Amino acid sequence: MAKTKTKWICQECGYETGKYLGKCPECGSWGSITEEIQVADVRNKSVDFDVKPTALSKIEFENEIRESTKISEFDRVLGGGLVKGSIILLAGDPGIGKSTLILQVSNSLCENEKNVLYVSAEESVNQIKLRSQRLGITSDKLFIYPQTNLEAIKATIKTFSPDTIIIDSIQSIYSNEVQSTAGSVSQIRECCISLMKIAKTTGTTIIIIGHVTKDGNIAGPKILEHMVDTVIYFEGDKYKSYRILRAVKNRFGNTSEVGIFDMHATGLVEVKNPSEMFLTEHANQSGSVIIVTSEGTRPLLLEIQALVGTTPYPSPRRIANGLDTGRLLQILAVLEKRVGLNLSKQDVYVNVIGGIDISETAADLGIALAVITCSKDAVVDEKTVIVGEVGLSGEIRAVVNLEKRIIEAQTLGFKKIIVPEANKEITGKFDIEVVKVKRLIDAISACVHV
């Protein structure tokens, strides 16, 4: 006999309660707790006792555990390619290009003589065919299966035995064992657990596409991100051509790697040299400097622009795009205290060109010099690159991976780079002039020309 159980579950965090609450006590969301009915089969079920514990030293490691997709930017983010038996969650804003990317990845896998089952829960076969024609994809090993029922999907996987499975999207899949609508916390949890069992028992790679909320978080319970092996975000402004693929969780690789693509009419194209792309419109003027930041193991050269102007309001505004506003306020306080730059009557706007979000502190010196040059109507030489963290006492602190940053600046034809004197590990000889500075005032003297 089936036993019916009613729960009130928060659709934001998965918190469960026995009654309705207007506000979730776990995440603080209002109106997110909804009623869900679950039907549990209380009959005895057979349990597989064949699996035995294995000593770690006896486990044989497969040399071909990874499989390249032939898309180097995608492989970079994954840590070298798809891992057999893994579950990958790909999330991103609507219209950013998730389905386009996965369709191109599927085609690359098919070219490697792999069978790919594309489960489309949101689009018809005709809609996917239209996209594939635009992308120039005509593979006999890519199979489109429009289905939303989990039990039907599991039966098809069992009979078809694909090498890779695409689920587009997990929020549209539902199971008959859970009496709630597709996309609810219970449905997402049940569907993901079932897919995880398939991946681990058969060694099939499963790529799941997930929706995001208005706050930019993956829709559904947080346990969804805990169950999968890899979580990657597809970011970017859908009104611009470039896209950034970023790993935020990866059990098989580095979580700070990024892949960069350029969206064309015929699909996504890999960007082999992103620094060159971001600097195409650089103009040598006051308030503009070039920094070299690091995304994972990849150095990127970016332009930072600052605008300083007199404010008509009692409280000046501080607006930062692409970097933390708190970090900008700290840099402005250091400039006022250690350099004597009075900005109490000035609005300050700082923007990272290209839409890249900078989280590391190695951009501090570039931000400071951009603000100073705009305030004093000075310029930094267009062939000069800046890198360094600014301390509260005005000292320039060391940064990581400095030699890689220097080599990247040298490769792109820059003549001078301002680096922290605290970095003692610089041993190589470079064709670019390396200027070491100890304090913020030294950096200003080394590169600012009025």
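In case you missed it, the structure is sitting above this.
Residues numbered from 1 in each chain as written. Predicted model: local features only at pLDDT ≥ 70, side-chain atom pairs only at ≥ 80, totals over all residues. Heavy atoms only, no water.

### Quick word on the environment of Leu21
In step 1: As for its placement among the helices and strands, Leu21 is situated in the loop between strand 2 (16-17) and strand 3 (33-41).
In step 2: As a C-alpha pair, Leu21 and Gly31 span ten residues in sequence and 7.9 Å in three-dimensional space.
In step 3: Contacts of Leu21, omitting those with residues within four sequence positions, involve Tyr15 and Ile33. (Helix = DSSP H or I, 4+ residues; strand = E, 2+ residues; numbered from the N terminus. Contact = heavy atoms within 4.5 Å.)

### Overview of a positive patch on the surface
In step 1: There is a patch of like positive charges on the surface, built from Lys337, Arg338, Lys424, Lys436, Lys438 and Arg439.
In step 2: Assignment of secondary structure puts Arg338 in helix 8 (residues 325-339). (Patch = residues over 30% accessible without salt bridge, like charges linked within 9 Å, V, L, I, M, F, W, Y side chains within 5 Å. Areas by Shrake-Rupley, 256 points an atom, 1.4 Å probe, with all protein chains shown as cover. Salt bridge = Lys/Arg side-chain N within 4 Å of Asp/Glu carboxyl O. Lys, Arg positive; Asp, Glu negative; His and termini not counted. Charge placed at Lys NZ, Arg CZ, Asp CG, Glu CD.)

### Observations concerning unusual backbone geometry
In step 1: Across the junction of Asp168 and Ser169, the peptide omega takes the value 5°, indicating a cis bond.
In step 2: In this fold, Ser169 is placed in the loop between strand 9 (164-168) and strand 10 (178-179).
In step 3: Of note, the phi angle at Ser161 is positive, near 50°, even though the residue is not glycine.
In step 4: Within the secondary structure layout, Ser161 lies in the loop between helix 4 (150-160) and strand 9.

### Thoughts on the side chain of Gln187
In step 1: In this fold, Gln187 is placed in helix 5 (residues 185-202).
In step 2: Of the polar contacts made by the side chain of Gln187, one reaches the backbone nitrogen of Ser175; its length is 2.7 Å.
In step 3: The residues contacting Gln187, other than those within four sequence positions of it, are Ile173, Tyr174, Ser175, Val178, Ser180, Thr181 and Ala182. (Polar contact = N/O pair within 3.5 Å; in protein donor to acceptor, adjacent residues only side chain to side chain.)

### Some points on the environment of Ile173
In step 1: Here Ile173 is to be found in the loop between strand 9 and strand 10.
In step 2: By relative accessible area, which is 2% here, Ile173 ends up buried.
In step 3: In the structure, Ile173 is positioned 105 residues away from Phe278 in sequence and 39 Å away in space, judged by C-alpha atoms.
In step 4: Not counting residues within four places of it along the chain, the set of residues in contact with Ile173 comprises Ala121, Gln147, Thr148, Leu150, Ile153, Ile167, Ala182, Gln187 and Cys191. (Buried < 20%, exposed > 50% of the residue type's maximum accessible area, 1.4 Å probe, protein only.)

### What to know about the nonpolar core
In step 1: Ile304, Leu335, Val350, Leu365 and Val371 are the most contacted members of the largest nonpolar core, which has 48 residues in total.
In step 2: Among the secondary structure elements, those contributing two or more residues to this core are strand 14 (258-264), strand 16 (288-295), strand 17 (298-310), helix 8, strand 19 (346-352), helix 9 (364-375), strand 25 (433-437) and helix 11 (440-447).
In step 3: No other element matches the eight residues that helix 9 contributes to this core.
In step 4: Core analysis: the second largest hydrophobic core is formed by 29 residues, Leu78, Ile128, Leu245 and Ala247 among them. (Core = buried A, V, L, I, M, F, W, Y, C linked by side-chain atoms within 4.5 Å.)

### Some remarks on helix 10 (residues 402-411)
Turn by turn, an α-helix covers 3.6 residues, leaving residues three or four places apart pointing in a common direction.
In step 1: When helix 10 is considered as a whole, its buried residues turn out to be Leu402, Arg405, Ile406, Glu408 and Ala409. The buried residues of helix 10 occupy an angular sector of 160° when the element is viewed end-on, so they sit on one face.
In step 2: In this structure, the buried residues of helix 10 make contact with helix 7 (274-278), strand 16, strand 17, strand 21 (384-386), strand 24 (416-420) and strand 25.
In step 3: Positive backbone phi, at 90°, marks Gly413, one or two positions downstream of helix 10. (Arc of directions from axis to C-beta.)

### Here we look at the packing of aromatic side chains
In step 1: Considering all chains together, one arrives at three aromatic pairs under this definition.
In step 2: Measuring from ring centre to ring centre gives 5.5 Å for Trp8 and Tyr20, while their planes differ by 65°; the resulting arrangement is edge-to-face. With Trp8 in strand 1 (residues 2-10) and Tyr20 in the loop between strand 2 and strand 3, this pair connects stretches of sequence that are twelve residues apart.
In step 3: We classify Tyr20 as partly exposed; its relative accessible area is 46%.
In step 4: Ring centres 4.7 Å apart and planes at 75° place the aromatic pair Phe143 and Phe160 in the edge-to-face group. Note that Phe143 is positioned in strand 8 (residues 142-146) and Phe160 in helix 4, a separation of 17 residues in sequence. (Phe/Tyr/Trp six-rings, centres within 6.5 Å; stacked < 30°, edge-to-face > 60°.)

### Observations concerning the sheet that holds strand 16
In step 1: Within the open sheet, the seven strands sit side by side as 18-19-17-16-21-24-25. Their pairing is mixed. A single partner strand is all that each edge strand has here, and the edge strands are strand 18 (318-321) and strand 25. On average, adjacent strands in this sheet sit at an angle of 30° to one another, irrespective of strand direction.
In step 2: Pairing between strand 24 and strand 25: five bridges, direction parallel. Counterpart to Pro420 in the pairing with strand 25 is Val437.
In step 3: Running over the sheet, helix 8 touches strand 18 and strand 19 and is turned about 125° from strand 18.
In step 4: Against the sheet, helix 10 touches strand 16, strand 17, strand 21, strand 24 and strand 25, its axis set at about 80° to strand 17. (Pairing = 2+ DSSP bridges. Axes fitted to C-alpha atoms, helices over the stretch in contact; angles between N-to-C directions.)

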